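The residues making up each chain are set out below.
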Amino acid sequence: MTGSFTAIDFETAQGYRWIICQVGLVRVEHEKIIDEINLLVQPPDNYYWDKFIDIHGITPEDTANAPTFDKIWHKIEPFIKNQTVVAHNGLSFDFPVLEKTLEYYGMKAPLYEKCCTYRIFKDNLASLCNNYLIPLNHHDALSDARACAKLFQIHLQKQ
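Heads up: these notes are all about the structure in this document. Since the model is a prediction, treat every value here as computed from it, not as a measurement. (Residues numbered from 1 in each chain as written. Predicted model: local features only at pLDDT ≥ 70, side-chain atom pairs only at ≥ 80, totals over all residues. Heavy atoms only, no water.)

**Considerations on the sheet that holds strand 3 (residues 32-40)**
1) Next: Across the sheet, which stays open at both edges, the five strands sit in the order 3-2-1-4-5 with mixed pairing between neighbours. If you trace the sheet from one side to the other, it starts and ends with strand 3 and strand 5 (113-116), each paired once. Averaged over all pairs of adjacent strands, the angle between strand axes in this sheet comes to 25 degrees, irrespective of strand direction.
2) Next: Sheet topology places strand 1 (residues 5-12) next to strand 4 (residues 84-87); two bridges connect them, and they run parallel. Across the sheet, residue Ala7 finds its bridge partner in strand 4, namely Val86.
3) Next: Together, strand 1, strand 2 (20-29), strand 4 and strand 5 form the strand contacts of helix 4 (residues 94-104), whose direction differs from that of strand 1 by roughly 75 degrees.
4) Next: Lying on the sheet, helix 7 (residues 141-158) is in contact with strand 1, strand 2, strand 3, strand 4 and strand 5; it crosses strand 2 at an angle near 35 degrees. (Pairing = 2+ DSSP bridges. Helix = DSSP H or I, 4+ residues; strand = E, 2+ residues; numbered from the N terminus. Axes fitted to C-alpha atoms, helices over the stretch in contact; angles between N-to-C directions. Contact = heavy atoms within 4.5 Å.)

Okay, structure coming up:
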């Protein structure tokens, strides 16, 4: 596997998988970060469950003027389509969130290779970042994506 991949993280406004409120994305090519995307997204009806606000701190006021996912997909699709995409707990959370959100908006999911740093390291993101001295503002999508990218780079170096 090459040192080129996309790390992604989603924050959601509710427990439903199609209710994205933040996207964090880090593109790594030849082992170097070449691009980052950090977008607030207005979830359907801009409605949040309080316990999710408590987790990530994003509120309806933060996303009141943000675009909906269907309006930002064109910005992130090139980083996902036909790429290796990495997420922490991605097989259980981030990849289903992407697929369900695209389905909600009537959009087709692209083909991409899925890798999960939780499956690789078998530990939670906060503990791994502490162990590997990786900066983390947990539940900020860009910070989580950066941490995931760094963990995947560590994994690739061990290969």
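**Structural notes on the pattern of salt bridges**
1) Next: This model, assessed by the stated rule, comprises four salt bridges.
2) Next: One salt bridge connects Glu29 with Arg27, and the closest N-O pair in it is separated by 3.3 Å.
3) Next: Residue Glu36 is joined to Arg146 by a salt bridge in which the shortest nitrogen-to-oxygen separation is 2.8 Å. Here the residue Glu36 occupies a position in strand 3, and Arg146 occupies one in helix 7, the gap between them amounting to 110 residues.
4) Next: According to the relative accessible area criterion, Arg146 is partly exposed, its value standing at 39%. (Salt bridge = Lys/Arg side-chain N within 4 Å of Asp/Glu carboxyl O. Buried < 20%, exposed > 50% of the residue type's maximum accessible area, 1.4 Å probe, protein only.)

**Things to note about the packing of helix 6 (residues 125-132) against helix 7**
A pair of packed helices is captured by two measures, namely the crossing angle of their axes and the spacing between those axes.
1) Next: As a packed pair, helix 6 and helix 7 sit with axes 11 Å apart at the nearest point and diverge in direction by 60 degrees. As summarised for this structure, helix 6 and helix 7 are arranged oblique, according to the angle between their axes. The interaxial crossing formed by helix 6 with helix 7 has left-handed handedness. In this structure, helix 6 contributes Leu125, Leu128, Cys129 and Tyr132 to the contact, and helix 7 contributes Asp144, Ala147, Leu151, Ile154 and Lys158.
2) Next: Classifying every residue of the contact of helix 6 with helix 7 by side-chain character gives seven nonpolar, no polar and two charged. (Parallel < 35°, antiparallel > 145°, perpendicular 65-115°, else oblique. Left-handed = near helix turned anticlockwise from the far one by under 90°. Nonpolar A, V, L, I, M, F, W, Y, C, P; charged D, E, K, R; others polar.)

**Focus: the packing of aromatic side chains**
Aromatic ring pairs are defined here through the distance separating the ring centres and the angle between the ring planes.
1) Next: In the structure shown here, the tally under the stated rule is 10 aromatic pairs.
2) Next: A centroid spacing of 5.1 Å and a plane angle of 25 degrees characterise the contact between Tyr16 and Trp18, whose relative ring orientation is stacked.
3) Next: Relative to Trp49, the ring of Tyr16 lies with its centre 5.4 Å away and its plane at 65 degrees, an arrangement referred to as edge-to-face. With Tyr16 in the loop between strand 1 and strand 2 and Trp49 in the loop between strand 3 and helix 1 (50-56), the pair connects residues that are 33 residues apart, well separated along the chain.
4) Next: Among the aromatic residues, those joined into a cluster by ring pairs are Tyr16, Trp18, Trp49, Phe52, Phe69, Trp73, Tyr104 and Tyr105. (Phe/Tyr/Trp six-rings, centres within 6.5 Å; stacked < 30°, edge-to-face > 60°.)

**Things to note about unusual backbone geometry**
1) Next: For Asn82, which is not a glycine, the phi torsion comes out positive at approximately 60 degrees.
2) Next: With respect to the secondary-structure elements, Asn82 resides in the loop between helix 3 (69-80) and strand 4.
3) Next: Overall, Asn82 belongs to the exposed group, its relative accessible area being 58%.
4) Next: With a phi close to 75 degrees, His139 is a non-glycine residue in the positive phi region.
5) Next: Among the structural elements, His139 can be located in the loop between helix 6 and helix 7.

**Examining helix 6**
1) Next: Residues of helix 6 that are buried include every one of Leu125, Leu128 and Cys129, and no others. Along helix 6, the residues classed as buried sweep out an arc of 100 degrees about the axis, all on the same side. Structural note: helix 6 exposes Asn130 and Asn131 on the side pointing more than 90 degrees away from its buried face.
2) Next: Tucked into the core, helix 6 has its buried residues touching helix 5 (117-121) and helix 7.
3) Next: At the N-terminal end of helix 6, a side-chain oxygen is found 3.1 Å from the backbone nitrogen of Ala126, two or three residues along, and the residue is Asn124.
4) Next: One or two steps after helix 6, the chain reaches Leu133, where phi turns positive at roughly 55 degrees. (Arc of directions from axis to C-beta. Polar contact = N/O pair within 3.5 Å; in protein donor to acceptor, adjacent residues only side chain to side chain.)

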